[in-house]
Structures are given as C-alpha cells and as structure tokens.
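Residue strings, one per chain:
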Amino acid sequence: MEQPAGFVFAVDAVTRHVMSARPDAPVRPDPPRAVRLVATRRLAAGALRRLADQIQPAARPARTTCTQ
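Fair warning: this is a prediction, and the values are worked out from it, not measured in the lab.

(A) Structural context of the overall build of the protein chain. Looking only at helices and strands, one finds 2 helices and 0 strands in the protein chain. Here the protein chain holds 68 residues, and 1% of them are scored as buried. Carbon and sulfur atoms provide 62% of the accessible area of the protein chain, an area that totals close to 7600 Å².

Written out as structure tokens, the structure reads:
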C-alpha cells in the first residue's frame, strides 16, 4: 500500500522540479542585502593591508650585468 503512494509523490515531486526550470518560469528577484558591518570590514581591510606591507619582502636593487 505504501509503494503506490510513494510513486505518486515521487512523480509529483519530479514534475514540479522539472517544470520549475522552464524558460518561462516565474522569476523572483533577490531581495536587496542590508549593508552591515561596514566599519568592521574597513578596519579589517586596513589591518590586513598593514600586515601585508610588513610581511612583503623589501625591493631589491635591479641587477646589472658587468660589461668589460
């Protein structure tokens, strides 16, 4: 008795899934994201930039070839 009911539910679920990917399917736009933690992001970016400047190897002078 459970198998026919499971078959009906499975066919219905597959049909809904396949029909949702159609080109004429309704489209809901994504809601706009709230701007949060702007100050924290700027602080973290500044700290990471300063850390990168400290870790970066010093620029070496360009090598010159000896010409005799």
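(B) Examining a nonpolar patch on the surface more closely. Together, Phe 7, Val 8 and Val 11 make up a nonpolar patch on the protein surface, roughly 300 Å² of accessible area in all. Inspection of the secondary structure puts Phe 7 in helix α1 (residues 2-20). In this structure Phe 7 comes out as exposed when scored by relative accessible area, which is 57%.

(C) The pattern of salt bridges, seen in detail. All told, the structure shown has 2 salt bridges when counted by the stated rule. For Asp 12, the salt bridge goes to Arg 16, with nearest N and O atoms at 3.2 Å. With a gap of 4 residues between them, Asp 12 and Arg 16 both fall in helix α1, about one helical turn apart. Accessibility expressed as a relative area gives 39% for Asp 12, which makes it partly exposed.

Criteria and thresholds
Residues numbered from 1 in each chain as written. Predicted model: local features only at pLDDT ≥ 70, side-chain atom pairs only at ≥ 80, totals over all residues. Heavy atoms only, no water. Helix = DSSP H or I, 4+ residues; strand = E, 2+ residues; numbered from the N terminus. Buried < 20%, exposed > 50% of the residue type's maximum accessible area, 1.4 Å probe, protein only. Areas by Shrake-Rupley, 256 points an atom, 1.4 Å probe, with all protein chains shown as cover. Patch = residues over 30% accessible without salt bridge, like charges linked within 9 Å, V, L, I, M, F, W, Y side chains within 5 Å. Salt bridge = Lys/Arg side-chain N within 4 Å of Asp/Glu carboxyl O.

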